[in-house]
Amino acid sequence: MSEKQQVSSSYWMETAPDGRHPALTEDLDVDVAVIGGGIAGLSTAWELTRAGRSVAVLEAGRVAAGVTGHTTAKVTALHTLVYDKLRRTRGPEGARLYARSQSEAIERAAGIAGELGIDCDWEARDAYTYACDPGRVDELRAEARAAAEAGLPAAFVEETGLPFPVAGAVRVTGQAQFHPRKYLLALAADLVEHGGRIFEDTTVLGLDEGEPCRLSTTTGATVRARDVVVATHYPIFDRALLFARLTPKREMVVAGPIPADQDPDGMFITPDENTRSVRTAPYEGDRRLLIVTGEHFTPGTGDPRAGFERLTAWATEHFPDLDVTHRWATQDNTPTDTVPMVGPLHPGARHAYVATGFGGWGMTGGIMAGSLLAAQITGEEREWSGLYDPRRLKPAVREAPSFLKTQAKVAGHFVGDRLRPAPPVESLPPGEGAVVRADGHHRLAVYRDEDGNLHSVSARCTHLGCLVAFNSAERAWECPCHGSRFDTDGKVIQGPATKPLEQRDL
């Protein structure tokens, strides 16, 4: 990628006010501690604060700045091709509960935005799952039928507003899109106004599930809480084989203005071409911001630079007037049995809860999780609690091949990456990194900065010990096993790792 094509911050991060919160420096007692300040964590904390609970949000970085700050921000119950599969694996009732819970999340977000008067660019849009291959038409028709039977306003169509013909598409009306960071920063401000507390730059290291629960942090402070919610996107604690049931996925995003009259007027996604997702957002004057997502890969594998180039080429081919101004990437975790995991952290949990595995649909998933967890903690119930219960066994057993495939990949990286040939340090150009050998057997992750200086850390991920690999497009070390990410000096960018890569000399 040329210098002009280097990854930038996301559009959402650039265009929302940057409110900061202090780090936790003293011991704290609250009713509920929420670990993670993304959409799932903040939604849960907001709901519980409104229910009269004392709540503290503990965020390792900045709130609404991780995965949520880099999403495409579609607020829709149409999740590519999910309903026909759910109808087969969970039955018609399971598909209906999924559709209803996701649709209620859209209504909940719209209601909160209206109640608080949040200016978050909320726009009603139809959602489409399309395919250009005529061979997928039957699959799309089946999905449209299943989605309609599940209760969504879904239909099969052959025409869309895209600037190219499609073989067919599933259309669901009455969906929405918004500016996720504007929405969540307003939610955070209201949470604090009503007595909730938010602490940034506070990484949680340990959880003791006593009565009360106790959380240890990197700041040295201890939090005591009756209930704890783990909403860190990828759980930092594995007490129900969650690590074995999640597959991390990283995806490219390119964005830039187009003339408003070229807006395709909808939210579009296709499973083809290594995924292509298209939508627009309000922009300056008579222009709209086009956002195109795709080229997903497992963190620490593939060639992200080439992915950005392919995605940019596709976007400019179909939207010739596009001026690409932003490039960033986002990360998601897909559960082996399709449905997110929201509820008790493990079979024996009495006061610990988790929200994870949104599979690329974290906007409705996170809002749904906030409502569901708040209900469970306050003693209420939702009819879809069983659908999302992390302790479920039958669906996990039914989809054992996906589970085994995920574990085979992890094992392959754990062993195979240690057998890869290591390049000599002298061959590293500025701005590049590589895993090299030191003392004949130790593996070091070495980065050469633009001034020629070398930065050396252990290549062993501090989560479970897999070897990291360098993402040259984003200049970060990534673990291919569970998706942890670190900057060039080893600092944690994204979990489940909570500790930095160890500093090592060459």
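As a reminder, the structure under discussion sits directly above these lines.
All of these numbers come straight from a predicted model, not from anything done at the bench.

S.K.: Can you help me understand the packing of helix H2 (residues 39–50) against helix H8 (residues 362–377) in this one?
M.R.: Between two packed helices, both the angle of their axes relative to each other and the distance between the axes serve to describe the pair. Running from amino to carboxyl end, H2 crosses H8 at an angle of 35 degrees, the nearest separation of the two axes being 8 Å. Seen from above, H2 lies across H8 with right-handed handedness. Residues Ile 39, Ala 40, Ser 43, Thr 44, Glu 47 and Leu 48 of H2 form the contact with H8, whose participating residues are Gly 362, Met 363, Gly 366, Ile 367, Ala 369, Gly 370, Ser 371, Leu 373, Ala 374 and Ile 377. Of the residues in the contact of H2 with H8, the class split is nine nonpolar, six polar and one charged.

S.K.: Explanation requested: the state of the cysteines in the structure shown.
M.R.: Note on terminology: a disulfide is the covalent bond linking the sulfur atoms of two cysteines. According to the stated counting rule, one finds one disulfide in the structure shown. Each sulfur of the disulfide joining Cys 466 and Cys 481 lies 2.0 Å from the other. Looking along the S-S bond of the Cys 466-Cys 481 disulfide, the torsion reads about -90 degrees, which is the left-handed sense. Within this pair, whereas Cys 466 is found in the loop between strand S20 (454–458) and strand S21 (469–471), its partner Cys 481 is found in the loop between strand S22 (476–478) and strand S23 (485–486), the two being separated by 15 residues in sequence.

S.K.: Teacher, can you tell me more about the pairing of strand S15 (residues 326–335) here?
M.R.: Each regular strand shows side chains that alternate between the opposite faces of the sheet. Of all ten residues that make up S15, nine are buried, and the element is covered over most of its length. Here ten bridges tie strand S11 (residues 246–259) to S15, and the two strands are oriented antiparallel to one another. Opposite Met 252, over in S15, you have Ala 329 as the bridge partner.

Cut-offs and rules
- Residues numbered from 1 in each chain as written.
- Predicted model: local features only at pLDDT ≥ 70, side-chain atom pairs only at ≥ 80, totals over all residues.
- Heavy atoms only, no water.
- Axes fitted to C-alpha atoms, helices over the stretch in contact; angles between N-to-C directions.
- Helix = DSSP H or I, 4+ residues; strand = E, 2+ residues; numbered from the N terminus.
- Left-handed = near helix turned anticlockwise from the far one by under 90°.
- Contact = heavy atoms within 4.5 Å.
- Nonpolar A, V, L, I, M, F, W, Y, C, P; charged D, E, K, R; others polar.
- Disulfide = S-S within 2.5 Å.
- Buried < 20%, exposed > 50% of the residue type's maximum accessible area, 1.4 Å probe, protein only.
- Pairing = 2+ DSSP bridges.

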